[in-house]
Amino acid sequence: MGELLSTRVRGISPSATEQTSALANRMRRKGIDVLSFAQGEPDFDTPDNIKQVAIKAIREGFTKYTDVPGIPALLQAVQTKLKRANGVEYDMSEIVVNNGGKQALYEVFQALCEPGDVVLIPTPGYVSYVEQIKLTGAEPVYVPSREEDGFKLTVDQVKTAWTPAVKLFVMNSPCNPTGAMYTADELRAIAEFLVSKGVTLIADEVYENFVYDGGKSVCLASLSPEIKAHTVIVNSLSKTYAMTGWRVGYAAGPKDIISAVINLQGHVSGNINSIAQKAAIEALLGPQDSVLKMLAEFARRREYMYSRICAMPQLSCVKPEGAFYMFVNVKKIFGKSYDGVTIATDIDAAKFFIEKGHVAVVPGAAFGCPGYVRLVFAKSMDMIREGMDRMEKALKAL
Ligand SMILES: Cc1ncc(COP(=O)(O)O)c(C=O)c1O
């Protein structure tokens, strides 16, 4: 089999998040009641106004190919959203709609990277960056942030990591998996340095709407015209509108980059689903109360999960400012044993929680940061309560 497959795909590591979810599903099929805190998606349903528009689109036969970058009305909706919510102006030719933020990222990396290039990825960071970058032949290089800095890189750390081979830098604020969020000043300092070195910035802003305690996320491209000229924004409707299954994301940036992405997408998927495009217009321009409702609920769950984790002496966690993840330090249980097995890594710790607590969590190693596990708090309050009880009980027995 090894010889049949390309070296390219043989180099890809499977997604740890999806692997953990699959393990939880396998255990469930055996009749074990596993609670999974692995998959990063809201437990809310897509708001009804959005669904109704999609149903209407089907009824009206809006079921054919569309323009590859997206129908003009959707590109205009994205343009309006970027202006209203982020204070940045883009021409329609500088926007492309993709099958989720994931495809947007993939195509932007494909459009920009090649062997010999280096892409800097702050860690802990989203699992797909590294694999997608590897597929371009470029070298992904981790830039570790420190827990004591709230998992945020300082400009000095970025300066130290920079070399002339660096082509791209991926900024994800609020961050998956830590929930860390950079201030405008922190972002500006990092961006100005990188722009002065001719580095292009990828601003993955898919969690921009999930920010707690009255905070506000900053759109990187809004910081200055010069930074905007070197930035590609990647965003998605998946998390904001509980539309993970619809597959709608977008990228906005300099026209030459977006044109290349459109050209590539024309041969990969063509347009995204026509019905989802209609729904996306409603999501972006229709009532936004569902987003606020979800945010208020996630805020409540964040407080609860955080307080429960802090009450377990073996665990600790930096309180997330945004997104819907807790990145929990599990190093205190290293060296402890159960059923004759010694826990030595975060992968062992995740195994311990699923085997002894029937709670699925993702090991930090998957995010380039061993010693931690990630839990999603976009789950029902009942599930969080039960999950925390189970983890606490399993830890007490260690
Ligand atoms: C940081 C980050 N970027 C991008 C994505 C891609 O999301 P989607 O493809 O559903 O839009 C995710 C999904 O988990 C994410 O966490």
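Since the structure is predicted, the reported quantities are computational estimates derived from the model, not experimental observations. Residue numbering note: each chain is counted from 1, following its sequence as written. Whole-chain, interface and lining totals are the exception, using all residues; otherwise, since this is a predicted model, local features are given only for residues with pLDDT of at least 70 and side-chain atom pairs are given and counted only at 80 or more. Values shown for side chains rest on all heavy atoms present in the structure; no hydrogens or waters enter the calculation.

1. Re the site of the ligand
Where we set the bar: Near residues are defined by distance, with any heavy atom within 4 Å of the molecule or strand qualifying the residue. Whenever a nitrogen or oxygen atom comes within 3.5 Å of another N or O atom, the pair is scored as a polar contact, on the condition that within protein one atom can donate a hydrogen and the other can accept it, and that pairs from neighbouring residues in sequence are kept only if both atoms are in side chains. The Shrake-Rupley method, run with a 1.4 Å probe sphere, supplies the accessible areas, and residue values consider only the shown protein chains as cover. Computed over the protein atoms alone on a 1 Å grid, cavities are sets of points where a 1.4 Å probe fits but cannot get out and pockets are open sets with protein on both sides within 12 Å along at least five of seven lines; a residue lines them when it has an atom within 4 Å of a point. A cavity or pocket is said to hold a molecule if more than half of that molecule's atoms lie within 2 Å of its grid points.
Around the ligand lies a shell of 14 residues, among which Gly101, Asp204, Tyr207, Ser236 and Lys239 are the nearest. At 2.6 Å from an oxygen atom of the ligand is found a main-chain nitrogen or oxygen belonging to Gly101. Note that an oxygen atom of the ligand is positioned 2.7 Å from one of the side-chain N or O atoms of Arg247. Relative to its unbound accessible surface of 400 Å², the ligand loses 92% to contact with the protein. Using a 2 Å cut-off from the grid points, one finds that the ligand occupies the second largest pocket.

2. Digging into the packing of helix H5 (residues 100–112) against helix H6 (residues 127–134)
The condition that has to hold: Where helices are involved, their axes are fitted lines through C-alpha atoms of the stretch in contact, as for all axes, and angles between N-to-C directions lie from 0 to 180°. Think of it this way: any DSSP run of H or I at least four residues long counts as a helix, any run of E at least two long counts as a strand, and we number them from the N terminus. Here is the rule for handedness: rotate from the far helix to the near one, and if that takes an anticlockwise turn smaller than a right angle the crossing is left-handed, while a clockwise turn gives right-handed. Residue contacts are counted whenever heavy atoms from the two residues lie within 4.5 Å of one another. Amino acid classes used here: Ala, Val, Leu, Ile, Met, Phe, Trp, Tyr, Cys and Pro are nonpolar; Asp, Glu, Lys and Arg are charged; the rest, including Gly, are polar.
Running from N to C, H5 and H6 cross one another at 35°; their axes reach a closest spacing of 9 Å. Note on packing geometry: the crossing formed by H5 with H6 is right-handed. Every residue of H6 that contacts H5 at Lys102, Leu105, Tyr106 and Phe109 is listed here: Ser128, Tyr129, Gln132 and Ile133. Looking at the contact of H5 with H6, its residues break down into 5 nonpolar, 2 polar and 1 charged.

3. Topic: H6
In plain terms, the rule: The buried label goes to any residue with under 20% of its type's maximum accessible area, the exposed label to any with over 50%, and the partly exposed label to all in between, with areas taken from a 1.4 Å probe on protein chains only.
With respect to burial, H6 is a largely interior element, 7 of its 8 residues being buried. Of all the residues in H6, the buried ones are Val127, Ser128, Tyr129, Val130, Glu131, Gln132 and Ile133. Packing partners of the buried residues in H6 comprise helix H2 (16–29), H5, strand E3 (118–123), strand E4 (139–144), strand E5 (166–172) and strand E6 (200–204).

4. Observations concerning H5
Our working rule: Working rule for helices: expected span equals 1.5 Å times residues minus one.
Across its 13 residues, H5 extends 19 Å between first and last C-alpha, which sits within 8% of the 18 Å expected from 1.5 Å per residue. Buried residues of H5: Gly100, Gly101, Gln103, Ala104, Leu105, Glu107, Val108, Phe109 and Leu112, and no others.

5. Observations regarding the pattern of salt bridges
For the record, the criterion: The term salt bridge refers to a side-chain nitrogen of Lys or Arg lying within 4 Å of a carboxyl oxygen of Asp or Glu.
Summed over all chains, the structure comprises 22 salt bridges. A salt bridge links Asp33 to Arg390; the shortest N-O distance between them is 2.5 Å. Of this pair, Asp33 sits in the loop between H2 and strand E1 (35–36) while Arg390 sits in helix H14 (residues 381–396), and the two are 357 residues apart along the sequence. Under the relative-accessibility criterion, Asp33 is labelled partly exposed at 46%. One salt bridge connects Lys152 with Glu186, and the closest N-O pair in it is separated by 2.9 Å. Pair noted here: Lys152 is in the loop between E4 and helix H7 (155–161) and Glu186 is in helix H8 (residues 184–196), with a separation of 34 residues, a long-range link. Relative accessible area serves as the criterion here: at 14%, Lys152 is assigned to the buried category. Among the ionic contacts, a cluster of salt bridges with common partners joins Asp43, Glu297, Arg300 and Arg301.

6. Quick word on the environment of Ser222
For Ser222, the location among the structural elements is in the loop between E6 and helix H9 (225–229). Judged by relative accessible area, which is 33%, Ser222 ranks as partly exposed. Sequence spacing of Ser222 and Ile202 is 20 residues, and the spatial spacing of their C-alpha atoms is 13 Å. Each residue touching Ser222, except ones within four places of it in the same chain, is listed here: Asn86 and Val88. Of note is the side chain of Ser222, whose polar atom sits 2.6 Å from the backbone oxygen of Cys219.

7. Some points on the packing of helix H3 (residues 48–59) against helix H11 (residues 274–285)
When two helices pack together, their arrangement is captured by the angle between the axes and the distance separating the axes. Remark: H3 packs on H11, axes separated minimally by 8 Å, with the N-to-C direction vectors making an angle of 145°. The way H3 lies across H11 gives a crossing that is right-handed. Two secondary-structure elements touch here, H3 through Asn49, Ile50, Val53, Ala54, Ala57 and Ile58 and H11 through Ile275, Lys278, Ala279, Glu282 and Ala283. Class assignment of the residues belonging to the contact of H3 with H11 gives a composition of 8 nonpolar, 1 polar and 2 charged.

By themselves, these are just geometric observations and shouldn't be taken as functional.
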